[in-house]
Amino acid sequence: MSIIVENVTKIYGKQKALNDVSFTAKPGEIVGFLGPNGAGKSTMMKIITGFLPANSGSVSVCGLEVSSNQIEIKKKIGYLAEQNPLYYDMYVREYLAFIAGIFKINDSKNKINEIIELVGLSLEQNKKIGALSKGYKQRVGLAHALLHDPEVLILDEPTTGLDPNQLEEIRNLIKKIGAKKTVMLSTHIMQEVEAICDRVIIINRGEIVANDSTKNLSSIFNQKSVIIVEFKKELSIKRIASIKGITKVEAIDSKSFKVYHNPEVEVRNELFNLAISENNSVETLHKETINLEGIFKELTSKN
Ligand code: ADP
Ligand code: MG
């Protein structure tokens with residue numbers, strides 16, 4: 001695993017910003033960290049990168065425990081902070097040379113050329129950072145994060161404030177970079193995650209409320225009517241799936257199932273009838289309330 005976060009809690013004064021957060025990210029994955037403002041995204045990212053200590057729990061990156069390997073960890077991670085701290089009076093190339101010096105990068109001239117080319121700064125490389133548009137400033141931040149060739153990239157809201165064209169370009173750039181690295185990016189925009197990420201971790205009020213592939217999560221939003229049914233005895237999943245209006249069935253165990261259905265179709269009676277016809281009975285049945293939907297609304301209404 002590239003990133004392992006275990007039971008992290010962070011308290012600012014009296015406020016719990018993160019409550020028992022756990023997740024992992026695999027090598028080569030692009031993980032979206034999705035949540036409304038104040039959810040705890042930046043706090044989690046600062047803890048992963050070693051800029052902030054957690055109150056409890058542990059984080060390891062590329063096999064190194066972050067809190068006890070502060071210097072080593074910075075070599076493994078490229079970090080684009082939310083407030084991208086650039087020196088506006090420096091020229092792009094001069095700034096990257098300065099960063100290369102900090103990381104003691106060998107053959108820095110060639111490396112800088114390579115990164116300038118990769119992030120699309122060729123035409124801007126001799127300009128002052130302060131003179132660049134927001135999209136190009138963001139590219140300088142990405143170049144900074146990539147210069148020492150880290151295995152893991154942590155990007156905090158990398159597309160906030162970009163116009164639609166810049167947005168598209170930066171998203172493509174992240175996807176391109178993500179082919180070779182583990183990328184975790186935060187955003188409060190659902191579509192962003194759908195456009196770039198393999199997996200989504202949704203955080204709300206400091207707690208993880210969902211962690212699934214982008215594909216699965218999108219399908220949950222699309223088929224949001226879910227029933228949890230438990231039968232008295234074992235029952236074939238195929239029999240349940242054959243009921244009209246049921247779009248997907250997941251076995252929880254041999255007697256319990258998670259049933260997704262078309263919201264227009266009432267399938268509860270059919271489930272009872274199926275049980276009777278199989279000489280079985282329904283022990284419990286309840287509609288699952290997907291609170292993701294509410295969070296999703298909150299998220300999407302803010303963009
Ligand atoms: P996000 O990045 O998802 O918008 P943050 O991690 O920035 O969320 O913030 C999570 C919560 O912690 C918010 O309620 C925020 O006000 C609070 N918070 C963040 N940084 C500090 C700080 N340095 N001191 C006190 N509270 C903070
Ligand atoms: Mg933030």
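Throughout this document, residue positions are counted from 1 along each chain, in the order its sequence is written. Chains and ligands are labelled by the order in which they are written, letters from A for the one and numbers from 1 for the other. Two thresholds apply to this predicted model, a pLDDT of at least 70 for residue-level local features and 80 or more for giving and counting side-chain atom pairs, whereas whole-chain, interface and lining totals are computed over all residues. The side-chain values count all of the structure's non-hydrogen atoms but skip hydrogen atoms and water molecules.

The secondary structure listing takes helices from DSSP runs of H or I that are at least 4 residues long and strands from runs of E that are at least 2 residues long, numbered from the N terminus. The secondary structure content of the chain amounts to eleven helices and 14 strands. Overall size of the chain, expressed as C-alpha extent along the three principal axes, is 75 × 40 × 35 Å. Each of the 303 residues in the chain was classed as buried or not, and the buried ones make up 48%. For the chain, contacts bridging at least 24 residues in sequence account for 66% of all contacts bridging at least 6. Put simply, the chain shows about 15,100 Å² of open surface, and 49% of that area lies on carbon and sulfur atoms. Only four residue types enter the tally: Lys and Arg on the positive side, Asp and Glu on the negative side; His and the chain ends are excluded. By convention, the charge on Lys lies at NZ, on Arg at CZ, on Asp at CG and on Glu at CD. With 39 positive and 36 negative side-chain charges, the chain shows a separation of 2 Å between the mean positions of the two kinds. Relative accessible area decides the class of each residue, using a 1.4 Å probe on protein chains only: under 20% of the type maximum gives buried, over 50% gives exposed, and in between gives partly exposed. Working rule for contacts: check all heavy atoms of both residues, and any pair within 4.5 Å makes them a contact. Areas reported here follow the Shrake-Rupley algorithm with a probe of radius 1.4 Å; residue values treat only the protein chains shown as occluding.

Proximity criterion: a residue is near a molecule or strand once any of its heavy atoms comes within 4 Å of it. Lining the immediate surroundings of ligand 1 are Tyr-12, Gln-15, Ala-17, Pro-36, Asn-37, Gly-38, Ala-39, Gly-40, Lys-41, Ser-42 and Thr-43. Note that an oxygen atom of ligand 1 is positioned 2.7 Å from one of the backbone N or O atoms of Gly-38. Within 3.5 Å is the distance limit for a polar contact, defined as a pair of N or O atoms, with the added protein rule that one can donate a hydrogen and the other accept it, and that residues adjacent in sequence qualify only through two side-chain atoms. Between Lys-41 and ligand 1, the recorded distance is 2.8 Å, taken from a backbone N or O atom to an oxygen atom. Considering ligand 1 on its own, with 560 Å² of exposed area, one finds that the protein chains cover 63% of that surface. Contributions of two or more residues to the shell around ligand 1 are made by strand S2 (15-25) and helix H1 (41-48). Each residue is assigned to one of three groups, with Ala, Val, Leu, Ile, Met, Phe, Trp, Tyr, Cys and Pro labelled nonpolar, Asp, Glu, Lys and Arg labelled charged, and all others, Gly among them, labelled polar. Looking at the shell around ligand 1 residue by residue, the class counts come to four nonpolar, six polar and one charged.

Quick look at the sheet that holds strand S7 (residues 152-156) now. By definition, two strands form a pair when at least two bridges between them are found by DSSP. Read from one edge of the open sheet, six strands run S6-S7-S8-S3-S9-S10, paired in mixed fashion. Each having just a single partner strand, strand S6 (77-80) and strand S10 (207-213) make up the two edges of the open sheet. With direction set aside, neighbouring strand axes in the sheet form an average angle of 15°. The convention used is that axes are lines fitted to C-alpha atoms, helices contributing only their stretch in contact, and that angles between N-to-C directions extend from 0 to 180 degrees.

What helix H3 (residues 92-102) keeps buried is the set Val-92, Tyr-95, Leu-96, Ile-99 and Ala-100. All buried residues of H3 lie within an arc of 140° about the axis, which places them on one face of the element. Packing partners of the buried residues in H3 comprise helix H4 (108-119) and helix H5 (134-146). A positive phi of about 50° marks Lys-104, the residue just after H3. Directions pointing from the helix axis toward each C-beta atom define the arc.

Distances from the magnesium ion (ligand 2) to its protein donors, Ser-42 (OG) and Glu-82 (OE), fall within 2.0 to 2.7 Å. Placement of Ser-42 in helix H1 and of Glu-82 in the loop between S6 and H3 is noted, with a sequence separation of 40 residues between them. Given the relative accessible area of 38%, Glu-82 is considered partly exposed. Only nitrogen, oxygen and sulfur atoms within 2.8 Å of the metal, or 3.2 Å for Na, K and Ca, are treated as donors, and water is left out, so sites may look incomplete.

Attention shifts here to the domain arrangement of the chain. Delimitation of the domains relies on an automatic or database domain assignment. Under the domain assignment, the chain is made up of domain 1 (3-212) and domain 2 (220-300). Summarising the inter-unit geometry, the C-alpha centres of domain 1 and domain 2 are found 39 Å apart.

Each packed pair of helices is defined by two parameters, the angle between the axes and the distance between the axes. In contact at an axis separation of 10 Å, H5 and helix H6 (residues 164-178) are set at 15° when each is read in the N-to-C sense. For the element pair H5 / H6, the angle class is roughly parallel. The interaxial crossing formed by H5 with H6 has right-handed handedness. Along the contact surface, H5 presents Gly-135, Gln-138, Arg-139, Leu-142 and Leu-146, while H6 presents Gln-166, Glu-169, Ile-170, Leu-173 and Ile-177. When the residues that make up the contact of H5 with H6 are grouped by side-chain class, the tally is five nonpolar, three polar and two charged. Here the angle decides the label: under 35 degrees means roughly parallel, over 145 means roughly antiparallel, 65 to 115 means roughly perpendicular, and every other value means oblique. For any helix crossing, the convention is left-handed if the near helix is rotated counterclockwise from the far helix by under a right angle, and right-handed if that rotation is clockwise.

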